[in-house]
Amino acid sequence: MGIDCATDGGLLDAYSSTVADAVDRVGPAVCRIGPHAEGKAGGQGSGFVISPDGLVVTNFHVVGEARTLRVAMPDGTSVEGRVLGSDADTDIALVRADGHFPDIAPLGDSKRLRRGQIAIAIGNPLGFEWTVTAGVVSALGRSMRAVSGRLIDDVIQTDAALNPGNSGGPLVSSAGEVIGVNTATIRGAQGIAFAVASNTANFVIAEIIRFGRVRRAFIGVSADTVALPRRTALAAQVTSRTAVRLRSVETGGPAAKAGLKEGDIIVAIDGHAVGGVDDLVRTLDAEKIGKETTFAVVGRTGVVQVVVTPAARS
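Position numbers for residues start from 1 in each chain and track the written sequence from start to end. Where local features are concerned, this predicted model is filtered to residues with pLDDT of at least 70; where side-chain atom pairs are given and counted, the filter is 80 or more; whole-chain, interface and lining totals use all residues. To get the side-chain values, all heavy atoms of the structure are used, and hydrogens and water are removed first.

Caption draft 1: Representation of unusual backbone geometry in the model. The phi torsion at Leu126 lies on the positive side, around 55°, for a residue other than glycine. The helix count covers DSSP runs of H or I at least four residues long, the strand count covers runs of E at least two residues long, and both are numbered beginning at the N terminus. Tracing the sequence through the fold places Leu126 in the loop between β7 (118-123) and β8 (131-145). Note on exposure labels: buried denotes an accessible area under 20% of the residue type's maximum, exposed denotes more than 50%, and partly exposed covers the range between, all computed with a 1.4 Å probe on protein chains only. When its relative accessible area of 57% is taken as the criterion, Leu126 is described as exposed. The backbone phi angle of Gln237 is positive, close to 60°, even though this residue is not glycine. When you line up the elements, Gln237 lands in the loop between α4 (230-236) and β15 (242-249).

Okay, structure coming up:
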């Protein structure tokens, strides 16, 4: 069978148009973040505006110990930004930039992502300002080590080219929504880069706005998101198609004391379905600290109810 060049050309035009439209929507909200001339030195990276009053999302490792930064926009304006709060455990920071910003980058729902869908990175790699690269979502539910030493769960892997300076910039869907915050590459590797899922970033942002920091309950596990067989979902009386599998359980932690083991699958907490690691993170908020919490767990003998008492994370 021959190749229909006209059809292929149309498909390429449609792809190009999709990427360009997404960039037109989000690009004006992407900023360059650098150290303030008179402030404590921070890093150099990217960020994106999420509200007209100047809330800017970036990476914790970009702001570092700085309290004030310079925020430069594509239209040439440069303003001061103040760090409202940051979370080393997820490599997310929130900055308040002075001024009014008509262009914002909307946060999407990372739970709805699929492998293979378009992923577009916008940022300032190696000093080349407002650069666009495109690829696909290569994998979901990855884990990576944060600068704090803790694992960041529910990380998106992409082959959209990232380099130093892209950190803190948005990973964007074809719909023009931010699906992740670009955070890291593997040195020496090609086509392997990572972004913190937008749902995780959304949780961190809400905590910083409300409390100035992220409060978390701690049960002592690392986990990833896995597919949930329909039969198991029916047995657990949940409608979710995914759940959380425990990759490791910390000895002496609340989960271990309650009897949870590596390989157990958590499908619900206090009767609410847990469809992914981001659900687990959001559910284990400060309200759960010191309170008996019921986990619906799929083990070797079926679905069982396990009572865990989360502790405060130090």
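After presenting the structure, the write-up continues.
Caption draft 2: The pairing of strand β3 (residues 55-58), seen in detail. Residues of β3 alternate between two faces, with Leu55 and Val57 on one and Val56 and Thr58 on the opposite face, all of them buried. One bridge is not enough; two strands pair if DSSP finds at least two bridges between them. Sheet topology note: the strand β2 (residues 45-49)/β3 ladder contains 2 bridges and is antiparallel. Directly across from Phe48, in β3, lies its bridge partner Val57. Taking the residues between adjacent antiparallel strands as the criterion, β2 and β3 are bridged by 5 residues, where Gly54 takes a positive phi near 95°. Bridge count for β3 against strand β6 (residues 92-97) is 4 bridges, and the pairing is antiparallel. Looking at the pairing, Val57 lines up with Leu94 of β6.

Caption draft 3: Quick look at the sheet that holds β7. On the basis of which strands lie adjacent, the closed barrel formed by 6 strands has the order β7-β8-β9-β12-β11-β10 and antiparallel pairing. For this sheet the average axis-to-axis angle between neighbouring strands, irrespective of direction, equals 50°. Bridge count for β7 against strand β10 (residues 170-172) is 2 bridges, and the pairing is antiparallel. Note on β10: the bridge partner recorded for Ala121 is Leu171. Geometry is summarised by axes, namely lines fitted to C-alpha atoms with helices restricted to the contacting stretch, and by angles between N-to-C directions that run from 0 to 180 degrees.

Caption draft 4: Spotlight on the confidence of the model for the protein. The quantity called pLDDT is the predictor's confidence in a given residue, expressed from 0 to 100. Scored by pLDDT, the protein comes out at a mean of 89, with 94% of its residues at no less than 70. Here helix α1 (residues 5-26) stands out as the least confident element of the protein, with mean pLDDT 83; β3 is the most confident, with 98.

Caption draft 5: Just the environment of Pro52, in detail. Tracing the backbone shows Pro52 in the loop between β2 and β3. Along the sequence, Pro52 and Val204 sit 152 residues apart, while their C-alpha atoms lie 19 Å from each other. The contact rule is simple, with two residues in contact once any of their heavy atoms fall within 4.5 Å. For Pro52, the contacting residues outside a window of four places in its chain are Gly99, His100, Phe101 and Ile104.

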